[in-house]
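Descriptive structure summary
The primary structure of each chain is shown beneath.
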Amino acid sequence: MTVTEAPTETLQQQARRIGTQVAAVHAADVDRAARFPVETIDALRAERLLGALVPAELGGLGHDLRQAARVVRELARHCASSAMILAMHHIQVACLVRHGSSAPLRAFAAEVADRQLLLASATTEIGIGGNTRNSSCAVELDGDRFSLTKVAPVISYGRYADGILATARRTADSVPSDQVLVVCRRDSLSLDAISEWDTLGFRGTCSQGFTLTASGPAELVCDAPFALISTHTMLPTSHLLWASLWLGIAEQAVSSAQRFVQKAARKDLSVTPPGATRLAALLVTRQQFAAPVEALLARYLRIADDPEATAAIDFMVEVNALKISASTLVVDVVGQAMLICGIAGYREDSEFSLGRLLRDAHGAAVMVNNDRIAGNTAQLALAQREG
Amino acid sequence: MTQLNTTVAETVRTIVGKYGKLAADAATLSETSDLYAAGLTSHASVTVMLAVEDEWDVEFPQHLLKKSTFGSIGAIVAALAELGVTG
């Protein structure tokens, strides 16, 4: 499909155009077949959006996280799997451009923008119980080359990625928490599938498990400790982009409910439709959802260059709280919209169908499980002090 | 770090050994050894902090709640000195 360009459009309009003209067209098939949304990712590539977070001096669009979140949020309305892939790609790029200071890593970031490479992530590992701050696999150095083998229960869209950023212990002698982030290029890695991806929602992310085997120049191992990369960039970026994505899902459900009520109102002009009161309540929930997402994005942008401020307990507690509230509210909003649309929302063949949105929404609480986040917040709360 | 109070430092070492969940034996650490490199996680550092607070009946103020405060036995001793714990 050819996407018609309008040069004066805003970023949100651009995302909406790709969303309606490409992502929405293929979303049902992507979902049904649990297939990679190649059309949408190619459309993003064609408009250079995979390089959104790469600085302009490296050939990227030089967007900030709020701009990237704007696109993710809009795209989520049309195909949440596509939006999740874009969000996860952005998270990797954010880590790469902030922490990959060596010349080869800078060159790789430039290549991401130039060739519109798609980056994936291998942070979890079989046998470490889902805690991404521990690794059992280790980087092996031989002269100026590294090699790495990692058994990862999930590498989202790994088969379609041009590069995978993997965590590993710094050396074979390092403790599990002494981790580094390694850039593994497509041309020097292999993936052996260990599991399939047949899930309730986010089916298009193709988040299979793999044994990843990679090698490359040692300079593709980031010098910065992963502990720093995680706190400073990966965690806040992930939670802000994901919350923006879930907000997009919620906004689509609200939009369906609103259109449904308006349609009912036109049918019988003598009464206010029964769903109108519920819609009013839903608009309150939508506002409660959107406000902290936008506020925390703004706060992160103010402190993003300050590793100490991003590691502050207050900020980490807020980011964790956002993850839990946003992932809970998205299910709540879609559920409320379902009550408003009634059987039309429940049907799979109506213009008000909410089924895919509801299934995708349920992924929010279980991807990085809310109970894990709550446990982390509980520990932070023991140390939190008033300033 | 030349004026470290031995008693405080040794008690900190005991607490780090008990609650730090380190890969190494705390007795083998110097006062400047990097505790994070020895396996201290941010989760365990909170437990160490609470144990230190209980031991000397102090409370770490917000400005000391940063990673570097718990980076070594010597750093914890220095933070305690700031809170008036020297003897």
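Fair warning: this is a prediction, and the values are worked out from it, not measured in the lab. (Residues numbered from 1 in each chain as written. Chains lettered and ligands numbered in written order. Predicted model: local features only at pLDDT ≥ 70, side-chain atom pairs only at ≥ 80, totals over all residues. Heavy atoms only, no water.)

**Some remarks on the overall build of chain A**
- Counting its regular elements, chain A contains 13 helices and seven strands.
- Relative to the globule expectation of 21 Å for 387 residues, the C-alpha radius of gyration of chain A, 21 Å, shows essentially globular dimensions.
- Its C-alpha atoms give chain A principal-axis dimensions of about 80 × 55 × 40 Å.
- Counting only residues that meet the buried cut, chain A has 55% of its 387 residues in that class.
- Put simply, of all contacts in chain A between residues at least 6 apart along the chain, 74% involve residues at least 24 apart.
- Summed over all atoms, the accessible surface of chain A reaches about 16,000 Å², with 54% contributed by carbon and sulfur. (Helix = DSSP H or I, 4+ residues; strand = E, 2+ residues; numbered from the N terminus. Rg over C-alpha atoms; globule rule 2.2 N^0.38 Å. Buried < 20%, exposed > 50% of the residue type's maximum accessible area, 1.4 Å probe, protein only. Contact = heavy atoms within 4.5 Å. Areas by Shrake-Rupley, 256 points an atom, 1.4 Å probe, with all protein chains shown as cover.)

**Here we look at unusual backbone geometry**
- Even without being glycine, A:Phe202 reaches a positive phi, approximately 45°.
- Residue classification places A:Phe202 among the buried residues on the basis of a relative accessible area of 5%.

**Overview of the packing of aromatic side chains**
Residue and element names in this part refer to chain A.
- Following the criterion strictly, the structure yields five aromatic pairs over all chains and no others.
- Plain terms: the ring middles of Trp242 and Trp246 are 6.4 Å apart, the flat faces sit at 35° to each other, and that makes the pair tilted. In this pair, Trp242 and Trp246 both sit in helix H6 (residues 226–267), four residues apart, roughly one turn of the helix.
- Residue classification places Trp242 among the buried positions, given a relative accessible area of 9%.
- Relative accessible area serves as the criterion here: at 0%, Trp246 is assigned to the buried category.
- Here the aromatic rings of Phe260 and Phe352 are separated by 5.3 Å at their centres, their planes lie at 90°, and the arrangement is edge-to-face. Of the two residues, Phe260 sits in helix H6 while Phe352 sits in the loop between helix H10 (343–346) and helix H11 (355–361), which places them 92 residues apart along the sequence. (Phe/Tyr/Trp six-rings, centres within 6.5 Å; stacked < 30°, edge-to-face > 60°.)

**Overview of the pairing of strand S4 (residues 163–169) of chain A**
All names here are of chain A.
- S4 sits mainly inside the fold: seven of its seven residues count as buried.
- The alternating pattern of S4 places Gly163, Leu165, Thr167 and Arg169 on one face and Ile164, Ala166 and Ala168 on the opposite face, and all of these are buried.
- Of the strand pairs in this sheet, strand S1 (residues 119–122) and S4 are connected by four bridges, and their pairing is parallel. By the bridge assignment, Leu119 is partnered in S4 with Gly163. (Pairing = 2+ DSSP bridges.)

**What about the nonpolar core?**
- Membership of the largest hydrophobic core comes to 119 residues, with the highest contact counts inside it found for A:Ile155, A:Ile164, A:Leu212, A:Leu245, A:Trp246, A:Ile249 and A:Phe289.
- Here the element with the most residues in this core is H6(A); it accounts for 16 residues.
- Those residues in contact with A:Phe289 that lie beyond four places of it in its chain are A:Ala243, A:Trp246, A:Leu247, A:Ala250, A:Ala326, A:Leu329, A:Val330 and A:Val333.
- Among the nonpolar cores identified, the runner-up in size contains 34 residues, and B:Ala26, B:Val52, B:Phe70 and B:Ile73 belong to it. (Core = buried A, V, L, I, M, F, W, Y, C linked by side-chain atoms within 4.5 Å.)

**Considering the pattern of salt bridges**
All names here are of chain A.
- This model, assessed by the stated rule, comprises 22 salt bridges over all chains.
- Here Glu111 and Arg185 are joined by a salt bridge, their closest N and O atoms 2.8 Å apart. Placement of the pair is Glu111 in helix H5 (residues 103–115) and Arg185 in strand S5 (residues 179–185), with a sequence separation of 74 residues.
- Here Glu111 falls in the buried class, since its relative accessible area comes to 18%.
- Judged by relative accessible area, Arg185 falls into the partly exposed class, the value being 21%.
- Among the charged side chains, a network of salt bridges with common partners joins Glu111, Arg115, Arg185 and Asp187. (Salt bridge = Lys/Arg side-chain N within 4 Å of Asp/Glu carboxyl O.)

**Notes on the sheet that holds S1(A)**
Residue and element names in this part refer to chain A.
- With mixed pairing, the three strands of this open sheet are ordered in space as S1-S4-S5. Of all the strands in the sheet, the pair left with one neighbour each is S1 and S5. Each neighbouring strand pair of the sheet contributes to a mean axis angle of 25°, computed without reference to strand direction.
- Here S4 runs beside S5; their pairing, made up of seven bridges, is antiparallel. (Axes fitted to C-alpha atoms, helices over the stretch in contact; angles between N-to-C directions.)

**Overview of the packing of helix H3 (residues 65–76) of chain A against helix H7 (residues 275–303) of chain A**
All names here are of chain A.
- One way to put it is that H3 packs onto H7 with a least axis distance of 10 Å and a crossing angle of 150°. Of the possible angle classes, the one that applies to H3 and H7 is roughly antiparallel. Between H3 and H7, the contacting residues are Leu65, Arg66, Ala69 and Arg73 on the first element and Glu294, Leu297, Ala298, Tyr300 and Leu301 on the second.
- Residue classes in the contact of H3 with H7 are distributed as six nonpolar, no polar and three charged. (Parallel < 35°, antiparallel > 145°, perpendicular 65-115°, else oblique. Nonpolar A, V, L, I, M, F, W, Y, C, P; charged D, E, K, R; others polar.)

**Some thoughts on the interface of chain B and chain A**
- Listed per partner, the contact involves 19 residues of chain B and 12 residues of chain A.
- Among the residues of chain B in contact with chain A, B:Val46, B:Gln62 and B:Leu65 are the three that bury the most area, contributing 37% of the side total.
- Inspection of the chain B/chain A interface yields one salt bridge.
- With its nearest N and O atoms 2.4 Å apart, the salt bridge here joins B:Glu53 to A:Arg385.
- At the surface where chain B touches chain A, the tally comes to six residue pairs in polar contact (both at pLDDT 80 or more).
- Within the side of chain B that touches chain A, the residues separate by chemical class into 10 nonpolar, five polar and four charged. (Buried area = accessible area lost by both parts, 1.4 Å probe. Polar contact = N/O pair within 3.5 Å; in protein donor to acceptor, adjacent residues only side chain to side chain.)

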